[in-house]
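Structural characterization, general
Next come the chains, spelled out residue by residue.
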Amino acid sequence: MTTEPIANRCPKCQAPLPANAPQGLCAKCLLAAVSTPTEAGQSADRKPAPAIAAVVAAFPQLEILELIGQGGMGAVYKGRQPRLDRFVALKLLPHSLAADAAFAERFNREARVLARLNHPNIVTVHDFGLSGGYFFLLMEFVDGVNLRQAMQAGRFTPQQAMMLVPKICEALQFAHDEGILHRDIKPENILLDTRGRVKIADFGIAKLLGEAREKLTLTAIGQAVGTPHYMAPEQLEHPQDVDQRADIYSLGVVFYEMLTGELPIGRFAPPSQKSGVDARVDDVVFHALEKEREKRFRNAGDVKTRVEEITAHPAAAASAPGQRSPGTAVPERRATCYFNTPARMRNCFPGAAARIYTCKGELQLDAEKLAF
């Protein structure tokens with residue numbers, strides 16, 4: 001007997017899908033990969049996540065519904081705040097951190113800053129603290145999927161990438177202006193909700209845990225916290241000496257992966273050769289991926305501007321030298337000339353120049369020039 005796949009079930013966990021499920025995946029799988037490492041270098045012998053019963057005892061004010069993710073940065077549970085009637089994501093940092101007295105001060109300092117990141121494209125931190133022996137962050141629950149899941153679903157296009165990148169840039173620029181780096185931009189930390197909105201999760205967590213790695217075995221000794229293939233060269237070599245351009249490099253990797261389905265490793269082809277995207281996008285991606293940070297975009301706002309210019313003027317690439325096949329006919333484009341009387345010309349451009357145009361005409365645009 002053969003079993004046919006059920007169309008209205010999540011391909012990841014086989015749970016029933018609601019009618020508005022984005023990208024064909026269920027909300028249960030939302031944060032499953034947000035805290036799950038995607039590259040080598042993470043601890044393979046991490047301890048199991050705390051049992052639901054233990055979490056319920058530590059957070060009696062919440063209804064703990066299920067574990068939705070676990071990784072090197074802790075465990076994430078879906079919960080509900082009964083008094084506010086809203087779902088939340090509860091992130092518990094590794095239990096071993098509770099033994100580090102100095103970590104409490106760093107955690108409270110950094111968490112206060114993270115809680116101030118009030119932006120529509122950043123996952124909101126509602127609360128933080130120490131409860132039941134766990135340092136925790138109580139965050140906005142985003143009903144949707146992460147970017148990795150969306151790409152694996154096979155329904156992600158270069159055009160969608162061009163629409164998402166400016167939103168990611170807005171979130172990064174806002175955080176950078178507040179003095180906060182992400183340090184672990186990757187598809188798992190970029191969420192897409194059911195309304196198509198972009199939300200970046202886990203701002204500042206990599207730095208916070210990175211400061212504790214010398215005392216606690218969270219990663220290999222001397223290894224920077226982050227995801228290797230998405231990390232800027234200076235983040236790997238000198239993790240304590242990075243600035244906003246490290247996040248821009250990571251964004252460049254994600255952008256390339258969205259466009260091509262591949263990581264920019266070794267010698268890699270321009271995105272336009274892989275996906276047919278506008279060739280001008282190649283310059284944006286390569287500029288973000290410069291090995292020397294002095295050569296990269298200085299801020300995320302510049303990336304946003306470049307991408308939006310390309311999206312707003314798609315015809316510009318077609319008229320650029322070398323973009324049209326030899327022998328291709330140039331379509332004739334015409335526009336009426338409204339300076340069709342001397343009086344109209346004098347009203348618009350007073351002076352002797354108005355006497356030059358004394359008749360009706362039209363502007364004709366060919367491949368090289370604009371003729372009257």
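Residues numbered from 1 in each chain as written. Predicted model: local features only at pLDDT ≥ 70, side-chain atom pairs only at ≥ 80, totals over all residues. Heavy atoms only, no water.

Summed over all chains, the structure comprises 19 salt bridges. K199 serves as the salt-bridge partner of E140, at 3.1 Å between the closest nitrogen and oxygen. With E140 in strand β5 (residues 134-140) and K199 in strand β8 (residues 198-200), this pair connects stretches of sequence that are 59 residues apart. Just as E140 is buried, K199 falls in that class too. When the shortest N-O distance is used, the salt bridge between D243 and R245 registers 2.5 Å. Each member of the pair D243 and R245 is classed as buried. Salt bridges sharing partners connect three or more residues here, namely E63, R80 and D85. (Salt bridge = Lys/Arg side-chain N within 4 Å of Asp/Glu carboxyl O. Helix = DSSP H or I, 4+ residues; strand = E, 2+ residues; numbered from the N terminus. Buried < 20%, exposed > 50% of the residue type's maximum accessible area, 1.4 Å probe, protein only.)

To continue, consider helix α2 (residues 101-115). Given a rise of 1.5 Å per residue, 15 residues ought to cover 21 Å, and the 22 Å separating the end C-alpha atoms of α2 matches this to within 8%. For α2, the complete set of buried residues consists of F103, R106, F107, E110, A111 and L114. Here the buried residues of α2 occupy an arc of 125° about the axis, which is enough to place them on one side. When the buried face of α2 is taken as reference, the exposed residues oriented beyond 90 degrees from it are A101 and E105. You can read the cap of α2 off the contacts: a side-chain oxygen lies 3.2 Å from the backbone nitrogen of A102, and it is on D100. (Expected span 1.5 Å × (residues − 1). Arc of directions from axis to C-beta. Polar contact = N/O pair within 3.5 Å; in protein donor to acceptor, adjacent residues only side chain to side chain.)

Our focus in this paragraph is the sheet that holds strand β7 (residues 190-193). Overall, antiparallel pairing links the 3 strands, which are arranged β6-β7-β8 in an open sheet. Edge positions in the sheet fall to β6 (144-146) and β8, since each of these pairs with one other strand and no more. Neighbouring strand axes in the sheet, compared pairwise and without regard to direction, differ in orientation by 30° on average. Against the sheet, helix α4 (residues 158-177) contacts β7 and β8, and its axis sits at roughly 40° relative to β8. (Pairing = 2+ DSSP bridges. Axes fitted to C-alpha atoms, helices over the stretch in contact; angles between N-to-C directions. Contact = heavy atoms within 4.5 Å.)

The next subject is the packing of α4 against helix α10 (residues 300-312). The geometry of a pair of packed helices is captured by two quantities: the angle between their axes and the separation between those axes. Between α4 and α10, whose axes approach to 8 Å, the crossing angle comes to 160°. As far as their axial angle goes, α10 and α4 are roughly antiparallel. The chirality of how α4 crosses α10 is left-handed. Within the contact between the two elements, α4 uses M162, M163, V165, P166, C169, E170, L172 and Q173 and α10 uses A300, G301, V303, K304, V307, E308, I310 and T311. Classifying every residue of the contact of α4 with α10 by side-chain character gives 10 nonpolar, 3 polar and 3 charged. (Parallel < 35°, antiparallel > 145°, perpendicular 65-115°, else oblique. Left-handed = near helix turned anticlockwise from the far one by under 90°. Nonpolar A, V, L, I, M, F, W, Y, C, P; charged D, E, K, R; others polar.)

This next bit is on the confidence of the model for the protein chain. Per-residue confidence for the protein chain gives a mean pLDDT of 77; residues scoring 70 or more make up 67%. This stretch, residues 213-223, has a pLDDT under 50; its non-local contacts, to residues over four places away or in other chains, come to 18 contacts. (pLDDT = per-residue confidence, 0-100.)

Attention shifts here to a nonpolar patch on the surface. A contiguous nonpolar surface patch, about 200 Å² in accessible area, is contributed by I52, V56 and L67. Structurally, the position occupied by V56 is in helix α1 (residues 52-58). V56 gets classed as partly exposed once you look at its relative accessible area, which sits at 36%. (Patch = residues over 30% accessible without salt bridge, like charges linked within 9 Å, V, L, I, M, F, W, Y side chains within 5 Å. Areas by Shrake-Rupley, 256 points an atom, 1.4 Å probe, with all protein chains shown as cover.)

For R183, which is not glycine, the phi dihedral falls at a positive 75°. Among the secondary structure elements, R183 is positioned in the loop between α4 and β7. On the accessibility criterion, R183 (15% relative accessible area) is buried. Of note, the phi angle at D202 is positive, near 65°, even though the residue is not glycine. Secondary-structure assignment places D202 in the loop between β8 and α5 (205-210).

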